[in-house]
Amino acid sequence: SDFDIHLEPNTDLFTETSVVIRDGVRLTRSQAGLRTPLRGYVNGDTKSWVRLQAHDGIAEGLIYASGTLLELRADSSMTAGAAPGIAEAKIGNYLAHPAGGTTSCGTVSTGAAAAFNPKQAKRRQDCQWIDIQVIADFTHVAELGSAANSEAEMVNRINEVDGLYRMDINYGLKLEEVSS
């Protein structure tokens, strides 16, 4: 499917004091090379949301549009610029209210959300926030080839969960610490 998608950095995903702990060394996100994943919506679909991360010219993540949850996943043989595989996921496996209610919990920045759908958009400060920490064990780091890859993978998955939580239960996630 082709989508006209509005994206912006999901800066809400991190607390102001977020840190990365790599092999016991405390780093800023910038020092660790940890990129901010993207969030947004599909233009013209008031109940849509998008959570993506782009790396090496390939986008991965989730798109919820027209009542359907799509997963975009690359496989290890892909080259830069190649299209990821797209598969439909069962939205009921993820959400208690798969039809989508009126909750959007700041799907995009307040200005963009208000311009997009002022009746549905909630300001980010109206969200209930959950501050979390994630940690990878040595097998996750080894499987992904490096601590940096492991950290990026954890942030990408939390970005996707953030999309599901904001839509379904009006909670947003904020990462305090990413450890590997």
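Preceding block: the structure.
Another point: the overall build of the chain. When helices and strands are counted, the chain shows 4 helices and 10 strands. Looking at the chain residue by residue over its 180 residues, the buried ones come to 44%. Of the contacts made within the chain by residues no fewer than 6 positions apart, 60% connect residues no fewer than 24 positions apart.

As a further point, take the layout of surface pockets. Computed from the structure, the largest pocket encloses a volume of approximately 340 Å³. Every residue lining the largest pocket is counted, 14 residues in all, and those nearest its centre are His55, Asn149, Ala152, Glu153 and Asn156. Secondary structure elements with two or more residues in the lining of the largest pocket: strand E5 (49-55) and helix H4 (147-169). At 7 residues, H4 tops the list of elements feeding residues into the lining of the largest pocket. Class assignment of the residues belonging to the lining of the largest pocket gives a composition of 5 nonpolar, 5 polar and 4 charged.

Turning our attention to unusual backbone geometry. A positive phi angle, near 50°, is found at Asp23, a position not held by glycine. Relative to the helices and strands, Asp23 resides in the loop between strand E2 (14-22) and strand E3 (25-27). Look at Ser66: it is not a glycine, yet its phi comes out positive at around 50°. The exposure class of Ser66 is exposed, given its relative accessible area of 67%.

The next point concerns the environment of Arg166. Within the secondary structure layout, Arg166 lies in helix H4. The spatial distance from the C-alpha of Arg166 to the C-alpha of Cys127 is 7.8 Å, given a sequence separation of 39 residues. A polar contact is formed between the side chain of Arg166 and the side chain of Asp162, at a distance of 2.9 Å.

Moving on, we get to the sheet that holds E2. Strand pairing within a sheet occurs via backbone hydrogen bonds; the two strands may be parallel or antiparallel. Spatially, E3-E2-E10-E9 is the arrangement adopted by the 4 strands of the open sheet, whose pairing is mixed. Lying at the two open borders of the sheet, with one neighbouring strand each, are E3 and strand E9 (128-135). Recorded for the sheet is a direction-independent mean angle of 30° between the axes of neighbouring strands. Here E2 runs beside strand E10 (residues 171-179); their pairing, made up of 4 bridges, is parallel. Paired with Ile21 across the two strands is Ser179, which belongs to E10. Strands in contact with H4 are E2, E9 and E10; relative to E10, the strand with the most contacts, it is inclined by about 165°.

A few words on the pattern of salt bridges. This model, assessed by the stated rule, comprises 8 salt bridges. Of the charged contacts in the structure, one is a salt bridge between Asp12 and Arg39, with a shortest N-O distance of 3.2 Å. You can see Asp12 sitting in the loop between strand E1 (5-9) and E2 and its partner Arg39 sitting in strand E4 (residues 38-42), a full 27 residues away along the chain. Accessibility assignment for this pair places Asp12 and Arg39 in one class, buried. Taking the shortest distance from any N to any O, the salt bridge between Arg157 and Glu160 comes out at 2.8 Å. Linking Arg157 with Glu160, this pair stays in helix H4, spanning 3 residues, or about one helical turn. Residue classification places Arg157 among the partly exposed residues on the basis of a relative accessible area of 26%. Each member of the salt-bridge network shares a partner with another, and the members are Glu8, Asp12, Arg39, Arg51, Asp162 and Arg166.

Definitions and limits used
Residues numbered from 1 in each chain as written. Predicted model: local features only at pLDDT ≥ 70, side-chain atom pairs only at ≥ 80, totals over all residues. Heavy atoms only, no water. Helix = DSSP H or I, 4+ residues; strand = E, 2+ residues; numbered from the N terminus. Buried < 20%, exposed > 50% of the residue type's maximum accessible area, 1.4 Å probe, protein only. Contact = heavy atoms within 4.5 Å. 1 Å grid on protein atoms, 1.4 Å probe; cavity = no way out; pocket = protein on both sides within 12 Å on 5 of 7 lines; lining within 4 Å. Points joined across faces, edges and corners; volume = space filled by probe spheres on them. Nonpolar A, V, L, I, M, F, W, Y, C, P; charged D, E, K, R; others polar. Polar contact = N/O pair within 3.5 Å; in protein donor to acceptor, adjacent residues only side chain to side chain. Pairing = 2+ DSSP bridges. Axes fitted to C-alpha atoms, helices over the stretch in contact; angles between N-to-C directions. Salt bridge = Lys/Arg side-chain N within 4 Å of Asp/Glu carboxyl O.

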